[in-house]
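# Per-entry structural report
Given next are the chains, with one letter for each unit.
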Amino acid sequence: MQFNTISVIGLGYIGLPTAAVFASRKIKVVGVDVNQHAVDTINRGEIHIVEPDLDMVVHAAVSEGYLKATTTPEPAEAFLIAVPTPFKKASEQEGQVPEPDLSYIEAASKAIAPVLASGNLVILESTSPVGATEKMAEWLAEARPDLTFPQTHGEGSDIRIAHCPERVLPGHVLRELVQNDRVVGGMTPKCSEQACALYKTFVEGECVVTNARTAEMAKLTENSFRDVNIAFANELSIICDELDINVWELIALANRHPRVNILQPGPGVGGHCIAVDPWFIVSKTPEQARLIRTAREVNDSKPEWVINKVKLAVAEYLQENPDKTAKDVTIACYGLAFKADIDDLRESPALAITQKIAAEHPGKVLAVEPNIKMLPATQKDQFELVSSATADASAAIKVLLVDHQEFKQQAASSLDQTYKVIDTRGIF
Ligand code: SAJ
């Protein structure tokens, strides 16, 4: 099947690169987003998110006329939905399992329904709980009783539906979009076949076919696998601290075993995926998903453990310097991003730790984040953004939160200083 026009709904971290890559293959792409600012920015050939090289691809796609953005859906042969699937806010309480919020998928389905036509393909790319694709198909069918859908008409339906989860790593999106294998979960084999034909316009990896539910679970499984493994490393770091063992040396030694590959501890798990997606499994099967839930809890509790370590370091410093009070102690936090070598502060344990320290510590709190030029407005009054040199010169306590390249390069020269160091990433 030939696709001349496709529409991507949701022009964020996944939708915009996907739209741009399709457009770079000379397919007409209509990008749809509710955010007028994003739409205007893209139509100027610019981008509103940070991702290496994306600006060039979007600029080329817009100026050659293959990509345009709009707030209102238009007819197309295929629709790709790449909107957020966050938690429901109301259930973010102690002891409760966060429930996935499908309202963005629902809104996107209702927005495209009026322009759907027989023969169209609708793909859900958003990371979703098991059953979300079927739910999307129901919403579409309710809005368009004049069309037939796979849940009622199988292979003969007017509309084809599939779930094809994105699996790209922020910072490497353009390469991974093209090179990664793609899981294609059609509601029927014909749906999968058409979705494969669409992705094959740019995917160099294999398109591996399954059903929609398995595709949904595959994505959740990948991120839960990583979360469980990071939780194992984080738990080891707490055990090793108790037993006076260097956890990084320990992991390096254990990883010499041919069948052991432990991940790295850190200050907690951030980002928009790994800390969220395992909950989609837990909320569906709370009785069965015991390990997955515990891993989430282990990783979510790590920031508090780091904060307690900082408090202990302050107390020790004051014991060693009885002429000083807590107000005289400057704490420097190195790194605010959710992981190394990116500028993304959203859902970042490093930022949360720095904010909490700043809120509780009576002395000065400095933050060093080489990947940003200024603090978001909400953080401006909480702590100061300074250079490494300034922080090094005035801090009594150093808290290393993100293993940015810059910090790794400076680590060796910082060793001979007389700071108290809480190194959550093992770079010192
Ligand atoms: N982290 C550790 N220790 C490690 C590895 C990671 O503490 O050894 C932390 C990071 O510092 C960060 C968090 O985990 O706070 C997540 O970082 P990440 O690099 O593991 O993953 P993301 O969130 O950037 O991207 C993940 C990827 N999933 C997997 O690797 C299984 C990516 O392929 C997915 O497409 C993405 O989630 C997504 O969108 O779901």
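Residues numbered from 1 in each chain as written. Predicted model: local features only at pLDDT ≥ 70, side-chain atom pairs only at ≥ 80, totals over all residues. Heavy atoms only, no water.

With that settled, consider the packing of helix H9 (residues 212-243) against helix H10 (residues 247-254). It is at 9 Å that the axes of H9 and H10 come closest, and there the two elements cross at 125°. Put simply, H9 runs oblique to H10. Every pair of crossing elements has a handedness; the one defined by H9 and H10 is right-handed. Contact with H9, carried on its side by Ala233, Leu236, Ser237 and Cys240, involves Val247, Leu250 and Ile251 of H10 and no other residues of that element. When its residues are assigned to classes, the contact of H9 with H10 shows 6 nonpolar, 1 polar and no charged. (Axes fitted to C-alpha atoms, helices over the stretch in contact; angles between N-to-C directions. Helix = DSSP H or I, 4+ residues; strand = E, 2+ residues; numbered from the N terminus. Parallel < 35°, antiparallel > 145°, perpendicular 65-115°, else oblique. Left-handed = near helix turned anticlockwise from the far one by under 90°. Contact = heavy atoms within 4.5 Å. Nonpolar A, V, L, I, M, F, W, Y, C, P; charged D, E, K, R; others polar.)

Okay, the site of the ligand next. Taken together, 20 residues lie near the ligand, and Val168, Lys219, Arg226, Gln264 and Phe338 sit nearest. Lys339 is positioned with one of its side-chain polar atoms (N or O) 2.8 Å from an oxygen atom of the ligand. With respect to the ligand, the side chain of Arg425 contributes an N or O atom lying 3.1 Å from an oxygen atom. Protein chains shield 88% of the accessible area of the ligand, which is 770 Å² for the free molecule. Classifying every residue of the shell around the ligand gives 9 nonpolar, 3 polar and 8 charged. Residue assignment places the shell around the ligand across two domains, with domain 1 (5-205) and domain 2 (223-423) each supplying three or more. (Near = heavy atom within 4 Å. Polar contact = N/O pair within 3.5 Å; in protein donor to acceptor, adjacent residues only side chain to side chain. Areas by Shrake-Rupley, 256 points an atom, 1.4 Å probe, with all protein chains shown as cover. Domains from an automatic or database assignment.)

Annotation of the chain at the domain level lists domain 1 (5-205) and domain 2 (223-423). Summed over both sides, the interface of domain 1 with domain 2 buries roughly 1,200 Å², with 67% coming from carbon and sulfur. There are 0 salt bridges connecting domain 1 and domain 2. Taken together, the connections running from domain 1 to domain 2 amount to 2 residue pairs in polar contact (both at pLDDT 80 or more). Broken down by class, the residue content of the side of domain 1 that touches domain 2 amounts to 11 nonpolar, 4 polar and 1 charged. (Buried area = accessible area lost by both parts, 1.4 Å probe. Salt bridge = Lys/Arg side-chain N within 4 Å of Asp/Glu carboxyl O.)

Attention now goes to the pattern of salt bridges. Across all of its chains, the model carries 22 salt bridges by this definition. Linking Lys135 and Glu138 is a salt bridge whose minimum nitrogen-to-oxygen distance equals 3.3 Å. Linking Lys135 with Glu138, this pair stays in helix H5 (residues 132-143), spanning 3 residues, or about one helical turn. Of the residues examined, Lys135 reaches a relative accessible area of 33% and is grouped as partly exposed. Here Glu222 makes a salt bridge to Arg167, at a shortest N to O gap of 2.7 Å. Of this pair, Glu222 sits in helix H9 while Arg167 sits in the loop between strand S6 (160-163) and helix H7 (173-179), placing them 55 residues apart in sequence. Judged by its relative accessible area of 29%, Arg167 is partly exposed. (Buried < 20%, exposed > 50% of the residue type's maximum accessible area, 1.4 Å probe, protein only.)

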